[in-house]
Amino acid sequence: MVINGHTRTCGLIGNPVEHTMSPLIHNTLARMLSHNLVYVPFHVEEGKLQDAVKGACGLNILGLNVTVPYKSQVMRELAQIDPLAAKIGAVNTLVRCENGFKGYNTDMPGLYRAMCSENIQIEGQEVILLGAGGAARAVAFLCASKNVKKVYLLNRSVEKARAVASEVNEKCNTDCILPMQLSDYRQLPDGKFLAIQATSVGLYPDIDRVVIEDDAFYEKIHTGYDLIYKPSDTRFMQLVRSHKGRAYHGLKMLLYQGIIAYELWNGVSVSEEMAMQVYEILKQEMDIKD
Ligand code: ATR
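Every value quoted in this text rests on a predicted model; they were computed, and no experiment measured them.

(A) Layout of the pairing of strand E7 (residues 126-130). Burial analysis of E7 places four of its five residues in the buried class, which makes it a mostly covered element. When E7 meets strand E8 (residues 150-155), the two strands line up parallel, connected through five bridges. Counted as the bridge partner of Leu-130 is Leu-154 from E8. Following the chain from E7 across helix H5 (residues 134-145) to the adjacent parallel E8, one finds a crossover that is right-handed. Direction of pairing for E7 relative to strand E10 (residues 193-197): parallel, over a ladder of four bridges. By the bridge assignment, Leu-130 is partnered in E10 with Gln-197.

(B) Up close: the packing of helix H9 (residues 251-266) against helix H10 (residues 272-285). In contact at an axis separation of 10 Å, H9 and H10 are set at 125° when each is read in the N-to-C sense. As summarised for this structure, H9 and H10 are arranged oblique, according to the angle between their axes. Of the two elements, H9 crosses H10, and the hand of that crossing is right-handed. Packed against H9, whose contacting residues are Leu-251, Lys-252, Leu-255, Tyr-256 and Ile-259, the element H10 presents Glu-272, Ala-275, Met-276, Val-278, Tyr-279, Leu-282 and Lys-283 at the interface. For the contact of H9 with H10, the class distribution of residues is nine nonpolar, no polar and three charged.

(C) Up close: the pairing of strand E6 (residues 100-104). The buried count for E6 comes to four of five residues, which makes it a mostly enclosed element. Bridge analysis of strand E4 (residues 80-81) against E6 gives two bridges, and the strand direction is parallel. Looking across to E6, one finds that Ile-81 is bridged to Gly-103. Looking at chain direction, strand E5 (residues 93-97) and E6 are connected through five bridges and run antiparallel. For Val-95, the partnering residue across the bridge sits in E6 and is Lys-102. Where E5 folds back onto E6 in an antiparallel hairpin, the turn is made up of two residues.

(D) How the structure looks around the sheet that holds E10. Taken in spatial order, the six strands line up as E9-E8-E7-E10-E11-E12 in an open sheet, and their pairing is parallel. Each having just a single partner strand, strand E9 (177-181) and strand E12 (246-248) make up the two edges of the open sheet. Taken pair by pair, the neighbouring strands of this sheet meet at an average axis angle of 20°, ignoring direction. Looking at chain direction, E10 and strand E11 (residues 221-226) are connected through five bridges and run parallel. Bridge pairing in E11 links Leu-194 to Thr-223. Packed on one face of the sheet, helix H6 (residues 158-171) meets E8 and E9 and runs near 180° to E9.

The rules we used
- Residues numbered from 1 in each chain as written.
- Predicted model: local features only at pLDDT ≥ 70, side-chain atom pairs only at ≥ 80, totals over all residues.
- Heavy atoms only, no water.
- Buried < 20%, exposed > 50% of the residue type's maximum accessible area, 1.4 Å probe, protein only.
- Helix = DSSP H or I, 4+ residues; strand = E, 2+ residues; numbered from the N terminus.
- Pairing = 2+ DSSP bridges.
- Right-handed = clockwise from strand over helix to strand, strands pointing away.
- Axes fitted to C-alpha atoms, helices over the stretch in contact; angles between N-to-C directions.
- Parallel < 35°, antiparallel > 145°, perpendicular 65-115°, else oblique.
- Left-handed = near helix turned anticlockwise from the far one by under 90°.
- Contact = heavy atoms within 4.5 Å.
- Nonpolar A, V, L, I, M, F, W, Y, C, P; charged D, E, K, R; others polar.

Given below as C-alpha cells:
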C-alpha cells in the first residue's frame, strides 16, 4: 500500500486494543476498493478519552471505532448522535462531521445483517436472550425494533435483567421483553426457540465454561447464536449442536459492524460478495475452518 499526502486515517479507540481484528477488516476493504485509507488501533488510557476525541478531530481523522470500556462514555464527547445510538445508549462508530464527530451504533445493525446472511429470522419469533450486559442490551433493542413476538431475557442478576427489559420496553413502546432469573429456565414455555448467547461466559481463555449446562435447556433451542467469536466453537454452540440445533459464532457480527462503519466513513456500499471475501480472510487469520 502507498501512504502519501492524500492518505486518510481511521482507527479504533479503546483499552485494550491489542487483540483487535478491526484493522484487518478495514485495511482489507480499503485495498479491495482502492481507497487511500489506513486503519490503526489507538490505545487510550483511562482519563484520556476527551483528549483522544479532540485530538482525532484536530488531526482530521475520518472515522473511529470505539470499543470497551468507552462505548457509552464517548457519547459526552460528540457533536451529534444518531437517534438509534442515542436510544441504545452506546456508540461504537464515530464519523467526522462539521464540528467534531457524529456517533453511531453499528453493532446492532451488524448483528441483524449477520443473522440475515445466515437466514436466521427474528421477526415474529420467540427468542431466548442470555445476558443483560452491554452486548445483550443491543440485542434486546434489535429484537424489540424487529417486532419479535417475545424475548425471554435471562440473566444471573435478575435486577439487571429487569432494568434492561423495562428500559427497552419503554423506549421501543412494547412489552415484548420479559426478564427472568437465569436459573429459572425450566419455566420457559414449551416449544423450540432461537437463543442468543450474549454473556461473556465461554470467552477465551475460559473456553470450557457455559452459562447453563443442563441438557433440558438445549432441547428448547432450534438455533443458537453466540456473540462470542473467540473461540469460534464455544461450549454453548457445542451443546446446541448436540441437541440437533444449528449453531453460529459471532464473527459475522464483528465483520458487519465493521463493514457498516466503513460504509458510513466512505459513503459506499459494500457488496455481499466483497463482505464474504473479507470474511474468508478473517476466518483464515483466526484459523477457522467451517
Ligand atoms: P458485555 O459488554 O460483553 O455485555 P458486561 O456488560 O460485563 O459485558 O456483561 C456481561 C454479561 O455476562 C452479564 O449479563 C453478566 O451477568 P450479570 O449481570 O449477572 O453479572 C454475564 N456473566 C458474566 N459472568 C457470568 C457467570 N459466571 N455466570 C452467568 N452470567 C455471567
